[in-house]
Amino acid sequence: MIVFGVALLATCTLIGVYLGDLLGIALGVKANVGGVGIAMILLIAARVWLDRRGRLSKGVKFGVEFWAGMYIPIVVAMAAQQNVVAALTGGPIVIIAAVGSLVLCFGAVALLSRFGGREAPGAGDAHAGAVVAGDADGIAAEPAVTHSARREG
Amino acid sequence: MGHDIWHGIEHVFVEQSLVAAFAVVGGLILVSNLAAKRLTNGRVHGSAIAIVLGLVLAYFGGLYTGGKKGVADIPALAGIGLMGGAMLRDFAIVATAFEVDVIEARRAGLLGVLALALGTILPFIVGTLTAVAFGYHDAVSITTIGAGAITYIVGPVTGAAIGADSTVMALSIATGVTKAVMVMVGTPLVAKLIGLDNPRSAMAYGGLMGTVSGVAGGLAATDPKLVPYGALTATFHTGIGCLVGPSIFFLTVRALVG
């Protein structure tokens, strides 16, 4: 059932955020430490567990993948509510600090990605790309049939 | 008569705020995809255009209302605030983890940790140096502005913890917001140059850029399949920044400037 997928996602998110809060308190920080990351790891573990027992139904998959597909629209909504006026009127100190750290960090990404070497994305990645891109063909479909979905996404 | 119709539509938008947001964002993405196909011949990702369009609307919304939440401060578009707020954003980010390749993620673990460390230290150094260059000499202001360069949440959390004044806090937040906006817009432009085309570099990128909103937007606009890997590391970034900002970083700066 679809709702089980949504509920699974919700439960993982709640537990993850709760643990992130606890971690923040334990470290004496006024912030959530890695709550979303913990939730993601829980969801990955849940998927592996369900898959092994043959309980990963199409409904459950759809319930989660629907929200993965809503990710970009949500990011667009997020962009539309940023305080862009403040960002643009902050003056030179703001621009210099932001651009400086950005350039340095982009450089560091370039450096770090050299370490790992490169691989061509596999079929599973194509499926993932289609789902997160919000492509209906990719949702709850097997990786083998996502070639058309990939073209669209 | 025309006024009444307009009033009625506005009423529906206010009452059905989240539903209205779905329709508006859907329309925005439709227009962006068309623009990507027709105007750029598919070279620019439709979602990249949609995100930039969202930022442009946020700018005009902010000018129009004088508020801090872009178009979400307009009553008829308040649903955008809920749709793009932290709750649904985190919910959707977690959902993307369903597509993560476990082996790939595990292999990149150490790289992610290294990226997180660098992503906290490098922006802080740049931020503090900029603050010093612009005439700030007290440890509290320097640290707060430096922390803002990490993310716009680390800035005010650090500032509040060490007692920075509100002007410095505003500068710190503005630095973080500017960085987030630039990450969203800049990532697709430099993606090829920095080798951002596989899960491992996405995890390094997430840890280095930090700002969840920047990473979320930047990767969505570059290559959606990389989103979960970047998000996985980025989500630890703000917490770590909030941890070291008011403690190790502040003490170090204070020891250096006296």
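Draft legend 1. Structural context of the interface of chain B and chain A. Tallying the contact residues gives 96 residues for chain B and 82 residues for chain A. Summed over the shared surface of chain B and chain A, the result is zero salt bridges. Here chain B is connected to chain A by six residue pairs in polar contact (both at pLDDT 80 or more). The biggest single contributor to the side of chain B that touches chain A is helix α10 (residues 166-190) of chain B, with 12 residues. A per-class count over the side of chain B that touches chain A returns 62 nonpolar, 23 polar and 11 charged.

Draft legend 2. Region of the structure containing the side chain of T222 of chain B. Residue and element names in this part refer to chain B. Within the secondary structure, T222 is located in helix α12 (residues 212-222). Residue T222 is classed as buried on the basis of its relative accessible area of 16%. Within the local environment of T222, its side chain forms a polar contact with the backbone oxygen of G218, the two atoms lying 2.7 Å apart. If near-sequence neighbours (up to four positions away) are discounted, T222 is found in contact with H45, T187, P188, A191 and L196.

Draft legend 3. Region of the structure containing the packing of aromatic side chains. In this structure the tally under the stated criterion is five aromatic pairs over all chains. Judged by centre distance (5.5 Å) and plane angle (85°), the ring pair of F66 of chain A and W67 of chain A falls under edge-to-face. An aromatic cluster is built from F62, F66 and W67 of chain A together with F91 of chain B, whose rings are joined through pairwise contacts.

Draft legend 4. Fine view of the confidence of the model for chain A. Scored by pLDDT, chain A comes out at a mean of 78, with 73% of its residues at no less than 70. With pLDDT under 50 throughout, residues 141-153 of chain A is counted as low confidence; its partners more than four residues away or in other chains account for 19 contacts.

The rules behind these values
Residues numbered from 1 in each chain as written. Chains lettered and ligands numbered in written order. Predicted model: local features only at pLDDT ≥ 70, side-chain atom pairs only at ≥ 80, totals over all residues. Heavy atoms only, no water. Contact = heavy atoms within 4.5 Å. Salt bridge = Lys/Arg side-chain N within 4 Å of Asp/Glu carboxyl O. Polar contact = N/O pair within 3.5 Å; in protein donor to acceptor, adjacent residues only side chain to side chain. Helix = DSSP H or I, 4+ residues; strand = E, 2+ residues; numbered from the N terminus. Nonpolar A, V, L, I, M, F, W, Y, C, P; charged D, E, K, R; others polar. Buried < 20%, exposed > 50% of the residue type's maximum accessible area, 1.4 Å probe, protein only. Phe/Tyr/Trp six-rings, centres within 6.5 Å; stacked < 30°, edge-to-face > 60°. pLDDT = per-residue confidence, 0-100.

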